[in-house]
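What follows is the residue order along each chain.
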Amino acid sequence: MRKSSVIVPAALLGAALVWSGSAAAAEPESAWNDESSWDIPGEYVVDFADDVEPGVIARALSGLGLTGKPTALFDETRIEIVKVPSGLRGVLDKLRGISDVEGIEPHAQVRAFFVPDDPMYEKQWHMTRVGAESAWGLSVGRGVTVAVVDTGIACENFEQFTKASDLLQTRCVDGWSFVSKTAHANDDQGHGTHVAGTIAQSTNNGIGGAGLAFGARLMPVKVLSADGYGTTTAVADGIRWAADHGAQVINLSLGGPRNSRVLQKAVDHARSRGAIIVAAAGNSGGSVGYPGASDGVIGVSATDQNDALAAFSSRGPGVDIGAPGVSVTQQTICDRGKNRCEIFPAWNGTSMASPHVAGAAALLVGLGVNDADAVEAILKDSAKVLDDSESGKHKFGAGLLQAQAAAAEVFQTQLMARLLALLGMALVAFRWARRRGETVALSSPGFWIGATAVGAGIGFFAPFFLSRHELWVDLVSRPLAEWDLVLVGAGFHRFLPLANALVPLALVAVFNSVRGAGPWLAGLCVGTAGYLASVMVLGQMATPFGSVLTSLWCGVNAMICVYLASLLLKKNAS
């Protein structure tokens, strides 16, 4: 389900309160609804058309007596932050009248949706509640990059910062800080590291807690300062940067009450790049904030140990799904990230609920489902309905996140589709071969082993007995056409480099002269065709070329592979 809107610049780091030991109450609904109270006095976001020359923008602003500051991604977005003195508010109407101006909105703050609390639980009840243990038997998010657009992550050893001890086994990819304008997106607040831990905390290492998608990679994108605040433009830039640098999932545990056009454009851009965007609903106890309520974003409310809506959680239109957000235990930094200071607090907030959904999305992407609409639909369809009344939908959306049910739904559907597609392509290949007057045996072991290995996985049945958190189990459970997803990454896999006619053609060119290779090569061709056919049928994969061209490409390559298989079967029978 898509919603309309934009984020408000951000008080994303209410987490600063944690260090003082005070508990933050939810914002009063009156304050939340007063959007203007979140605005930065005298600052406006002016969005010029993307093809306008910078000089034209500078002259337009100076001609009205205004000064502007380009956003970090100005060269791409042509967005300026303009200061307007109180005595010159009338110039805004003149600015709106300029044909190159696409929109003007107040520059607002956003705040981390986080209700700090002292640690109370050593056991991560929230992982059990969303079915983490069962989900890990099917996926751990290998090959998936999850961007945490937040206060940064304790992901590296740099100057006074150190990588968190319970993230040592978690891979962090290059990030960016829109606060320091450097590649060092280190956490100096704590909120971002705690959020990141729920997504991909190092697991089974004898330290701290577990992460839901502990096989995923973390991308730190710092848009909030040490006091937990940022701006709509910084968040928008962070979303764009993450999508442009390969994030398949973007978590936004932040927000505010203002619906920002600039933020919405950033969300739209990220969605166009194939990113799945998850955001906290807010902690106002009232209406859902932005970007949680934005179009194209999965908005997450917070539930407690009794599966009830947390008192602080925002609710209403914009909530798509609920997830645990009370007493969520993870590791984070203290002392502003200095002196190797670490703690394991149990924090409250929709900021803590959102990364559960982001982690579950990473599990699905790790299974080859990278279409954002498909991921959202699966998460909703598999959710546990807590209240199907209209008010219940506004509290929990589709229901409580069930990661294990979502992963199981994908695994079972994929397995059935792949086996049926494999059988169908095999029958077509045998039929075409027989039309040439050949009698081809259906019982060649080499053929079926090759076909199964490429089209469904030589050990496709392994997850019924073994857990895929082990790399070797994960690999043998997958089609060879999908190994690139695990070994290289989901961003590479969306080009289907191992699932096209060129691969079997190359293998045939090299090995066709080898005695007895015919059945094996024919099987590899049929397996590739079957995998491509399943991609078309399932509709879970998004490529850079669009659904129509992808289906056409898959269909043509599948037919080439089947035809090649029929020739090999004929040769084998002669």
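These figures come from a predicted structure and were not determined experimentally.

1. Description of unusual backbone geometry
Phase 1: Here the residue pair Tyr290 and Pro291 is connected by a cis peptide bond, since its omega of 20 degrees sits within 30 degrees of zero.
Phase 2: The residue Pro291 is located in the loop between β11 (276-280) and β12 (297-303) in this model.
Phase 3: Even without being glycine, Arg336 reaches a positive phi, approximately 60 degrees.
Phase 4: Inspection of the secondary structure puts Arg336 in the loop between β15 (332-333) and β16 (342-343).
Phase 5: Classification of Arg336 by relative accessible area gives partly exposed; the value is 37%.

2. Considering the pairing of strand β10 (residues 249-252)
Phase 1: The alternating pattern of β10 places Val249 and Asn251 and Ile250 and Leu252 on opposite faces, both of which are buried.
Phase 2: The pairing of strand β6 (residues 145-150) with β10 spans three bridges and is classified as parallel. Residue pairing for β10: Val146 is matched across the bridge by Val249.
Phase 3: Judged from the four bridges that link them, β10 and β11 form a sheet pairing that is parallel. Residue pairing in the sheet places Leu252 in a bridge with Ala279 of β11.
Phase 4: In this fold, the crossover linking β10 to β11 by way of helix α10 (residues 261-272) has right-handed handedness.

3. Considering the packing of aromatic side chains
Phase 1: If you walk through the whole model with that rule in mind, you get six aromatic pairs.
Phase 2: A ring pair is formed by Phe447 and Trp448, whose centres lie 5.0 Å apart and whose planes are at 85 degrees; its orientation type is edge-to-face.
Phase 3: Ring centres 6.1 Å apart and planes at 70 degrees place the aromatic pair Phe495 and Phe545 in the edge-to-face group. Taken together, the residues Phe495 in the loop between α18 (490-493) and α19 (502-511) and Phe545 in the loop between α20 (518-538) and α21 (547-573) connect sequence positions 50 residues apart.
Phase 4: Judged by its relative accessible area of 40%, Phe495 falls in the partly exposed class.
Phase 5: Here a set of aromatic residues connected by ring pairs shows up, and it is made of Phe430, Phe447 and Trp448.
Phase 6: Its end group placed over the ring of Phe74, Arg78 keeps NZ or CZ at 5.3 Å from the ring centre.

4. Details of the packing of helix α9 (residues 232-244) against α10
Phase 1: Closest axis-to-axis distance for the α9/α10 pair is 9 Å, and the angle between their directions is 5 degrees. As far as their axial angle goes, α10 and α9 are roughly parallel. Listed contacts from α10 to Thr232, Val235, Ala236, Ile239, Arg240, Ala243 and Asp244 of α9 are Val262, Leu263, Lys265, Ala266, Val267, His269 and Ala270.
Phase 2: Within the contact of α9 with α10, the residues separate by chemical class into nine nonpolar, two polar and three charged.

5. With respect to helix α11 (residues 350-365)
Phase 1: With 16 residues, α11 should reach 22 Å at 1.5 Å per residue; the first-to-last C-alpha distance of 23 Å fits that figure.
Phase 2: Burial within α11 is extensive, with 16 of its 16 residues counted as buried.

6. Regarding the sheet that holds β10
Phase 1: With parallel pairing, seven strands are arranged side by side in an open sheet as β7-β8-β6-β10-β11-β12-β13. Taken across any chain shown, the strands that pair with only one partner, and hence form the sheet edges, are β7 (176-177) and β13 (321-324).

7. Here we look at the confidence of the model for the chain
Phase 1: For the chain, mean pLDDT is 89; residues scoring 70 or higher make up 91% of the total.
Phase 2: Considering only residues more than four positions removed or in separate chains, one finds that residues 1-25, a stretch of pLDDT under 50, has 151 contacts.
Phase 3: Taken as a whole, residues 116-121 scores under 50 in pLDDT and shows 21 contacts with residues more than four places along the chain or in a different chain.

8. Things to note about the nonpolar core
Across soluble globular proteins, nonpolar side chains have a tendency to be buried as a group.
Phase 1: Formed by 65 residues in total, the largest nonpolar core has its most connected members in Leu212, Ile276, Val357 and Leu379.
Phase 2: For this core, the element with the most residues is α11, which contributes 10 residues.
Phase 3: Beyond its immediate stretch of four places on either side in the chain, Leu379 contacts Ile298, Ile321, Val357, Ala360, Ala361, Leu364, Leu401 and Ala406.

9. A short note on the state of the cysteines
Phase 1: Going through the model one piece at a time under the given rule, you end up with two disulfides.
Phase 2: Between the sulfur atoms of Cys155 and its disulfide partner Cys172 the distance amounts to 2.0 Å. For the disulfide bridge between Cys155 and Cys172, the dihedral angle about the S-S bond is near -60 degrees, and by the sign convention the bridge is left-handed. Of this pair, Cys155 sits in the loop between β6 and β7 while Cys172 sits in the loop between β6 and β7, and the two are 17 residues apart along the sequence.
Phase 3: Between the sulfur atoms of Cys334 and its disulfide partner Cys341 the distance amounts to 1.8 Å.

10. Concerning the environment of Gln412
Phase 1: Residue placement: Gln412 occurs in helix α14 (residues 403-434).
Phase 2: Owing to a relative accessible area of 53%, Gln412 belongs among the exposed residues under this scheme.
Phase 3: Sequence separation between Gln412 and Gly68 is 344 residues, and the spatial gap between their C-alpha atoms is 54 Å.

11. Some remarks on the pattern of salt bridges
Phase 1: Inspection of the entire model under this criterion finds 21 salt bridges.
Phase 2: When the shortest N-O distance is used, the salt bridge between Lys265 and Glu102 registers 3.2 Å. With Lys265 in helix α10 and Glu102 in strand β5 (residues 101-111), this pair connects stretches of sequence that are 163 residues apart.
Phase 3: Measuring nitrogen to oxygen at the nearest pair gives 2.8 Å for the salt bridge that ties Lys222 to Asp188.

12. A few points about the side chain of Thr233
Phase 1: Within the secondary structure, Thr233 sits in helix α9.
Phase 2: Polar side-chain contacts of Thr233 include one of 2.8 Å to the side chain of His107.
Phase 3: Thr233 has contacts with Val45, Thr71, Ile79, Ile81 and His107, leaving out every residue within four places of it along the chain.

13. Describing the environment of Ile199
Phase 1: Here Ile199 shows up in helix α8 (residues 191-200).
Phase 2: Distance from Ile199 to His356, taken between C-alpha atoms, is 6.4 Å for residues 157 residues apart in sequence.
Phase 3: Non-local contacts of Ile199, meaning those with residues more than four positions away in its chain, are made with Val146, Val148, Gly211, Leu212, Ala213, Phe214, Leu218, Asn251, Pro355, Ala358 and Gly359.

14. Regarding the pairing of β6
Phase 1: β6 sits mainly inside the fold: six of its six residues count as buried.
Phase 2: Burial of β6 is two-sided: the residues Thr145, Ala147 and Val149 facing one way and the residues Val146, Val148 and Asp150 facing the other way are all buried.
Phase 3: As paired elements, β6 and strand β8 (residues 217-222) share six bridges and run parallel to each other. Along β8, the bridge assignment pairs Ala147 with Met219.

15. Considerations on a nonpolar patch on the surface
Phase 1: There is a patch of nonpolar side chains on the surface, built from Phe495, Leu502, Leu505, Phe545, Leu549, Leu552, Val556 and Ile560 and spanning about 780 Å² of accessible area.
Phase 2: For the nonpolar patch, the secondary-structure elements that each account for two or more residues are α19 and α21.

About the thresholds
- Residues numbered from 1 in each chain as written.
- Predicted model: local features only at pLDDT ≥ 70, side-chain atom pairs only at ≥ 80, totals over all residues.
- Heavy atoms only, no water.
- Helix = DSSP H or I, 4+ residues; strand = E, 2+ residues; numbered from the N terminus.
- Buried < 20%, exposed > 50% of the residue type's maximum accessible area, 1.4 Å probe, protein only.
- Pairing = 2+ DSSP bridges.
- Right-handed = clockwise from strand over helix to strand, strands pointing away.
- Phe/Tyr/Trp six-rings, centres within 6.5 Å; stacked < 30°, edge-to-face > 60°.
- Lys NZ or Arg CZ within 6 Å of the ring centre and 35° of its normal.
- Axes fitted to C-alpha atoms, helices over the stretch in contact; angles between N-to-C directions.
- Parallel < 35°, antiparallel > 145°, perpendicular 65-115°, else oblique.
- Contact = heavy atoms within 4.5 Å.
- Nonpolar A, V, L, I, M, F, W, Y, C, P; charged D, E, K, R; others polar.
- Expected span 1.5 Å × (residues − 1).
- pLDDT = per-residue confidence, 0-100.
- Core = buried A, V, L, I, M, F, W, Y, C linked by side-chain atoms within 4.5 Å.
- Disulfide = S-S within 2.5 Å.
- Salt bridge = Lys/Arg side-chain N within 4 Å of Asp/Glu carboxyl O.
- Polar contact = N/O pair within 3.5 Å; in protein donor to acceptor, adjacent residues only side chain to side chain.
- Patch = residues over 30% accessible without salt bridge, like charges linked within 9 Å, V, L, I, M, F, W, Y side chains within 5 Å.
- Areas by Shrake-Rupley, 256 points an atom, 1.4 Å probe, with all protein chains shown as cover.

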